[in-house]
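Report on the structure
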Amino acid sequence: MADSRSKNTARNIVFAFANKMVAILLPFISRTIILYLLGEEYLGVGSLFTSILSFLSLAELGLGSAIVYSLYKPIEDMDTEKICAFLAYYRRLYRWIGGVMLAVGTLILPIIPHLIKGEPPEGTNVYILFYLYLINSVISYLFAGYKQCLLVAHQRSDIKSKITLAINVLIQAGQIVALVLTRNFYVYAFVPIVGTILTNVLNSVVTNKQYPEYQCRGVLEKEDKRAIQKRLSGLVGTKLNSIVVHAADMIVVSAFLGLTATSIYGNYYYIMSAVNSFVVLFFSSMTASVGNSLITETNEKNYALFNRIGFLNAWITGWCSVCLLCLYHPFMILWTGEALTYPIGVEVALVVYFFMFSSQRTMLVFKDAAGIWYEDRYRPYVCMVTNIVLNLVLVHKCGIYGVVFSSIAAFAISIPWVNQTLFKTLFKKSSIGNLLSMGYYALITLAASAITWVITEWLPLGENRMAIIGWLFARAGVCLVVPNLIFVLCYCRKQEFAQVIKMVSSRLRRKKAKAGGSKI
């Protein structure tokens, strides 16, 4: 079973990584084309609409996560009838959610212009554009989007990733061609609708072929519905908080600072989110396997697994933070130009934002895998209110600094709280040790950041574009070597370091043995 979990996790990570590469690189090209052909205000409009629709997606309330968790045990027990009943229940709720999103989106159309400080881009009908974004968001709920839960629960997210990868290439390529040939933002917004329809059709066909025994039939027992409703009562806050962290920030920037400011913040957030998404996919691909381990393994083994994953998260998050700190500014100069960059103070604040957000990833993976949503139901609301209140208060006094600080303050509340809930509910032990470990990792990351920053600042900045590119690559080389060397020196005596090295070496030996066997 452990080998199967490892195989599924590795496969999920590989295809999720490939999918994420496409999902980051091609939209990056699209954003660049929009920036230079249409102007930064169109980027601001797109970011604003995406954030508004994130709020509308709250209707989903985390139902997908609750259903996937509920499927772990019937899948383990091979209880086909219960799985079919869950699927029928899921389909019915998803269609209801899609209808609610469409209705609410239509009702809020009149207030859309009031969320933009100043005027929208000349000749742009924000109502039509918003409705195109809205239709793309609700399609999956109204049709076959619910079937993806079977792939995730069976630890076959790689199949979903393959489909998404292929369709994303078509969508993004179509958007790029549309921008270059027509320079029409309406066409750009329409292309994803076609792609979403194709994705749902392919997911439905593949799922039916992979799991023909699962059909939407039967009625879910009342106690199963109550269990889902209990999990949802905790997931509502989690869903709200995860959306508010970014969506509220973007809406506040648009409403109080304008579309150009929204575009600049959106560009910085895009790069930070791109880096973070690789950290996230590495761990989210483990969620189903961690869920399976929590059911089949002892508490001691699961705690050891938590420490290993936490160590990996600390290393990856620390290294990515150092890279962002040292490479943010030169990269943004090359991409958007000096006029659309932030001062170093804002960039440092965004790196702190990234580090704190990513530091809690291991805890959130185990919390989701264990279904600890009801026990954690109050934390997200407190964090969300903190974020919104500070956003509205500080944006007037501090501008963009206030927006970023509001999220940092919310993370400062979230991290110790979710840590305490996880250890009390799952591991049944004190959470202080993990907080101390996280503090130690943060101090090492701070030291690595300071040392790497000082070294990269010695490298001279070129005066032309090619010299700046060379400067960027030189700084990247320093970021590749220096922080990782510091991490090795500081972590080499930790038990988790030895365990990770042993695990990686073992897997490499098995792959080498398989490769050697295939040649004979």
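The rules behind these values
Residues numbered from 1 in each chain as written. Predicted model: local features only at pLDDT ≥ 70, side-chain atom pairs only at ≥ 80, totals over all residues. Heavy atoms only, no water. 1 Å grid on protein atoms, 1.4 Å probe; cavity = no way out; pocket = protein on both sides within 12 Å on 5 of 7 lines; lining within 4 Å. Points joined across faces, edges and corners; volume = space filled by probe spheres on them. Helix = DSSP H or I, 4+ residues; strand = E, 2+ residues; numbered from the N terminus. Core = buried A, V, L, I, M, F, W, Y, C linked by side-chain atoms within 4.5 Å. Buried < 20%, exposed > 50% of the residue type's maximum accessible area, 1.4 Å probe, protein only. Contact = heavy atoms within 4.5 Å. Phe/Tyr/Trp six-rings, centres within 6.5 Å; stacked < 30°, edge-to-face > 60°. Lys NZ or Arg CZ within 6 Å of the ring centre and 35° of its normal. Disulfide = S-S within 2.5 Å. Salt bridge = Lys/Arg side-chain N within 4 Å of Asp/Glu carboxyl O.

The next thing to look at is the layout of surface pockets. Of the volumes computed, that of the second largest pocket is approximately 740 Å³. Residue lining of the second largest pocket: 21 residues in total, with I271, V275, F278, L327 and F331 positioned closest to the centre. The set of elements that each furnish at least two residues to the lining of the second largest pocket consists of α1 (2–38), α10 (259–284), α12 (299–336) and α18 (465–491). Ranked by residue count, the leading element in the lining of the second largest pocket is α12, at 7 residues.

Before going further, it helps to examine the nonpolar core. Looking at soluble globular proteins, one finds that nonpolar side chains tend to be buried together. Core analysis: the largest hydrophobic core is formed by 112 residues, its most contacted members being F49, L71, Y265, Y328, L350 and F366. Setting aside residues no more than four positions away along its own chain, Y265 makes contact with D249, M250, Y342, L350, I400, V403 and V404. Judged by nonpolar contacts, the second largest core, of 24 residues, contains L312, L334, W471 and L472.

Next up on the list: the environment of E81. Structurally, the position occupied by E81 is in helix α4 (residues 80–107). Overall, the relative accessible area of 49% leaves E81 in the partly exposed class. Separated by 137 residues in sequence, E81 and G218 place their C-alpha atoms 7.2 Å apart.

Below, the discussion takes up unusual backbone geometry. At R183, a position not held by glycine, the phi torsion is positive, near 50 degrees. Structurally, R183 can be placed in the loop between α7 (157–182) and α8 (185–210). According to the relative accessible area criterion, R183 is exposed, its value standing at 52%. Of note, the phi angle at K428 is positive, near 55 degrees, even though the residue is not glycine. Inspection of the secondary structure puts K428 in the loop between α16 (400–427) and α17 (432–457).

Another aspect to go through is the packing of aromatic side chains. Taken as a whole and judged by the stated rule, the model has 35 aromatic pairs. A ring pair is formed by Y268 and Y328, whose centres lie 5.1 Å apart and whose planes are at 50 degrees; its orientation type is tilted. With a gap of 60 residues between them, Y268 in helix α10 and Y328 in helix α12 connect regions that are remote in the sequence. Note on accessibility: Y268 and Y328 belong to one class, buried. Plain terms: the ring middles of F311 and F497 are 6.3 Å apart, the flat faces sit at 90 degrees to each other, and that makes the pair edge-to-face. On the criterion of sequence distance, the pair formed by F311 in helix α12 and F497 in helix α19 (residues 495–519) is long-range, its members being 186 residues apart. Residue F311 is classed as buried on the basis of its relative accessible area, which comes to 2%. Of the aromatic side chains, those joined through ring pairs into one cluster are F311, W315, Y440, Y441, F487, Y491 and F497. The residue whose ring lies beneath K429 is Y303, and the NZ or CZ to ring-centre distance is 3.7 Å.

Attention now goes to the side chain of S51. If you trace the backbone, S51 turns up in helix α2 (residues 40–56). Since its relative accessible area comes to 1%, S51 is described here as buried. Contact partners of S51, with chain neighbours within four places excluded, come to H246, A247, M250 and I251.

Moving on: the state of the cysteines. What we call a disulfide is simply a covalent bond connecting the sulfur atoms of a pair of cysteines. The full count for this structure, using the stated rule, is 0 disulfides. Unpaired in terms of disulfides, C326 finds its nearest cysteine sulfur in C479, a separation of 4.1 Å. Residue C326 is classed as buried on the basis of its relative accessible area, which comes to 0%. C479 sits in the buried class, given a relative accessible area of 1%.

So, about the pattern of salt bridges. One pass over the full model with this rule turns up 8 salt bridges. A salt bridge links D368 to K367; the shortest N-O distance between them is 3.6 Å. Here the salt bridges do not stand alone but share partners, grouping K367, D368, D376 and R379 into one network.

We now examine the side chain of N484. Its place among the elements puts N484 in helix α18. Looking at N484, the relative accessible area reads 18%, which means it is buried.

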